[in-house]
Amino acid sequence: LTRNAMPGEVVTIDGIFLPARVEGGYQAIRAGLVASTYLEAMRITVHKKSYDNKESSSDAMVRQVLEIATGEDPVGRLARSIAPEIFGHEDVKRALLLQMVGGCERKLADGMKIRGDINVCLMGDPGVAK
């Protein structure tokens with residue numbers, strides 16, 4: 001698996017996500033319940049040599065994106081495409097969509113910065129499609 005990919009390439013790594021073993025003594029006590037992890041890679045697939053090698057968008061795809069963007073309720077349409085097998089919960093799907101695309105960062109006149117991160121906490125009974 002060595003030298004299959006170079007920095008900047010777009011890859012998929014298949015493997016096993018494992019906790020790193022901490023030997024006894026002070027290091028084990030200090031680690032507590034938090035464990036370091038590592039990925040034991042089994043296969044590396046290179047998709048693109050870099051982000052500069054983007055596939056050119058076809059005119060049909062550009063038209064489709066513009067149609068969605070200028071159509072009626074584009075946020076609702078995109079929200080409905082999240083987990084279509086789960087009926088309803090439109091407000092939750094909109095919140096998840098907004099979390100995925102993020103918000104905008106603002107800097108106020110007094111120098112305070114407001115992050116554009118959107119946090120969502122889904123609570124409910126087990127097994128009800130959270």
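Residues numbered from 1 in each chain as written. Predicted model: local features only at pLDDT ≥ 70, side-chain atom pairs only at ≥ 80, totals over all residues. Heavy atoms only, no water.

### Structural notes on helix H4 (residues 90-101)
Given 3.6 residues per helical turn, the α-helix brings residues three or four places apart onto the same face.
And then number 1: Between its terminal C-alpha atoms H4 stretches 17 Å, which fits the 16 Å expected from twelve residues at 1.5 Å a residue.
And then number 2: Two residues or fewer past H4, glycine 102 is found with a positive phi of approximately 80 degrees. (Helix = DSSP H or I, 4+ residues; strand = E, 2+ residues; numbered from the N terminus. Expected span 1.5 Å × (residues − 1).)

### As for a nonpolar patch on the surface
And then number 1: Together, Val11, Ile13, Phe17, Leu39 and Val46 make up a nonpolar patch on the protein surface, roughly 410 Å² of accessible area in all.
And then number 2: Those elements giving two or more residues to the nonpolar patch turn out to be strand E1 (10-19) and strand E2 (37-48).
And then number 3: In terms of residues, the nonpolar patch owes the most to one element, E1, which gives three residues.
And then number 4: Checked against the element boundaries, leucine 39 lands in strand E2. (Patch = residues over 30% accessible without salt bridge, like charges linked within 9 Å, V, L, I, M, F, W, Y side chains within 5 Å. Areas by Shrake-Rupley, 256 points an atom, 1.4 Å probe, with all protein chains shown as cover. Salt bridge = Lys/Arg side-chain N within 4 Å of Asp/Glu carboxyl O.)

### Quick look at the pattern of salt bridges
Note on pairing: side chains with opposite charge can pair once their charged atoms come close.
And then number 1: A full pass over the atoms with the stated rule returns three salt bridges.
And then number 2: Between aspartate 14 and arginine 43 there is a salt bridge, and its shortest N-O distance comes to 2.5 Å. One end of the pair, aspartate 14, is in strand E1; the other, arginine 43, is in strand E2, with 29 residues separating them in the sequence.
And then number 3: In this structure aspartate 14 comes out as partly exposed when scored by relative accessible area, which is 27%. (Buried < 20%, exposed > 50% of the residue type's maximum accessible area, 1.4 Å probe, protein only.)

### Quick notes on unusual backbone geometry
Backbone phi values are negative for most residues with the exception of glycine, while trans is the configuration of most peptide bonds.
And then number 1: One non-glycine residue, aspartate 73, lies in the positive phi region at around 55 degrees.
And then number 2: Relative to the assigned elements, aspartate 73 resides in the loop between helix H2 (59-70) and helix H3 (74-80).
And then number 3: Given a relative accessible area of 33%, aspartate 73 falls into the partly exposed group.
And then number 4: Unlike most non-glycine residues, histidine 89 shows phi in positive territory, near 55 degrees.
And then number 5: For histidine 89, a relative accessible area of 44% translates into the label partly exposed.

### Remarks on the confidence of the model for the chain
And then number 1: Residues at a pLDDT of 70 or more form 80% of the chain, whose mean pLDDT is 79.
And then number 2: Ranking the elements of the chain by mean pLDDT puts helix H1 (residues 26-31) last with 62 and H3 first with 88. (pLDDT = per-residue confidence, 0-100.)

### Re the side chain of glutamate 9
And then number 1: Position of glutamate 9 relative to the elements: it lies in the segment before E1.
And then number 2: On the basis of relative accessible area, glutamate 9 is assigned to the buried category, the value being 16%.
And then number 3: From its side chain, glutamate 9 meets the backbone nitrogen of methionine 6 in a polar contact 2.9 Å long. (Polar contact = N/O pair within 3.5 Å; in protein donor to acceptor, adjacent residues only side chain to side chain.)

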